[in-house]
Amino acid sequence: MNFAAARANMIESQIRTNRVIDPAVVGALARVPRETFVPKPMRGFAYVDEDLDLGGGRFIIEPLALARLLEAAMIAPTDVVLNIGDATGYSTAVLSKLAQTVVSLECDGEWVGKSTAALNELAIDNVAVVQGALDQGYPAQAPYDVILFSGAVSEVPASICRQLSEGGRLVAIVDGGRGVGRGVLVVRVGDTWGRRQLFDARIPLLPGFAAKVGFVF
């Protein structure tokens, strides 16, 4: 399979035609070989416009949903980003082309190893993959200029919002149980958080983010 041609087709037929126009975001997606982050038996599907099911409730977020979230986050080259739930490392690799530093939080030790290996294969050296509960964020390296959820959540925990810097942006697909989520942008201003809905999207929930008591944001 000609992966370079498939990647170019993804950019032209999935990304640009759906009003993703930020040249930095489009360029980052064009520079990252998605197939590197897809299990070998599935690489023929690396550039389809849908989430890729990895089994065990894990997945790779669809390219268009990722692109829309990245565009909304308005990532600057000096930003520090927390990426939550990126099993294989793909969205972390894309973020590495946009931000100064990326912390990728993953709850599964096996995926920590696999994503680290894939990122190392591409000599991406401005990221750190760490293991921990996804619904706790990673306060050890906070505050962050941007926080991205690489999958849907039933609600955004206030404790993770507090890990944003002043003016920091959080982007996620929020699905409260209706089956269709909404892309959401949260911006921190002092001790308050502005929130804006962006677009509809159907993305699987990340581990630990099913609806439950305690998600109060």
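In what follows, the accompanying structure is described. Since the model is a prediction, treat every value here as computed from it, not as a measurement.

Quick look at the sheet that holds strand β9 (residues 192–201)
No. 1: With respect to topology, seven strands assemble into an open sheet ordered β5-β4-β3-β6-β7-β8-β9, the strand pairing being mixed. Two strands in the sheet have a free side with no partner beyond their single neighbour: β5 (127–131) and β9. Pairwise comparison of adjacent strand axes, ignoring direction, gives a mean angle of 15° for this sheet.
No. 2: Here strand β3 (residues 80–84) pairs with strand β6 (residues 144–153) via four bridges, running parallel. By the bridge assignment for β6, N83 is matched with L148.
No. 3: Helix-sheet contacts for helix α3 (residues 63–73) involve β6, β7 (164–174), β8 (181–189) and β9, and the interaxial angle to β7 is about 160°.

Overview of the environment of A73
No. 1: Secondary-structure assignment places A73 in helix α3.
No. 2: The sequence separation of A73 and V171 amounts to 98 residues, and the corresponding C-alpha distance is 6.4 Å.
No. 3: Discounting chain neighbours no more than four positions away, the residues touching A73 are V146, R169 and V171.

What about the packing of helix α1 (residues 3–15) against helix α2 (residues 23–31)?
No. 1: Between α1 and α2, the least distance of the axes is 9 Å, while the angle of their chain directions is 145°. Classified by chirality, the crossing of α2 by α1 is right-handed. Within the contact between the two elements, α1 uses R7, M10, I11 and I15 and α2 uses V26, L29 and A30.
No. 2: In terms of residue class, the contact of α1 with α2 is made up of six nonpolar, no polar and one charged.

Section: the nonpolar core
Within soluble globular proteins, side chains that are nonpolar generally end up buried alongside one another.
No. 1: Ranked by internal contacts, the top residues of the largest apolar core, which has 74 residues, are L29, L70, I75, Y90, I147, F149 and L170.
No. 2: Examining the composition of this core, we find that eight residues originate from one element, α3, more than from any other.
No. 3: Beyond its immediate chain neighbours, meaning those up to four positions away, I75 contacts L70, V81, L95, L98, A99, V146 and R169.

Analysis parameters
Residues numbered from 1 in each chain as written. Predicted model: local features only at pLDDT ≥ 70, side-chain atom pairs only at ≥ 80, totals over all residues. Heavy atoms only, no water. Pairing = 2+ DSSP bridges. Helix = DSSP H or I, 4+ residues; strand = E, 2+ residues; numbered from the N terminus. Axes fitted to C-alpha atoms, helices over the stretch in contact; angles between N-to-C directions. Contact = heavy atoms within 4.5 Å. Left-handed = near helix turned anticlockwise from the far one by under 90°. Nonpolar A, V, L, I, M, F, W, Y, C, P; charged D, E, K, R; others polar. Core = buried A, V, L, I, M, F, W, Y, C linked by side-chain atoms within 4.5 Å. Buried < 20%, exposed > 50% of the residue type's maximum accessible area, 1.4 Å probe, protein only.

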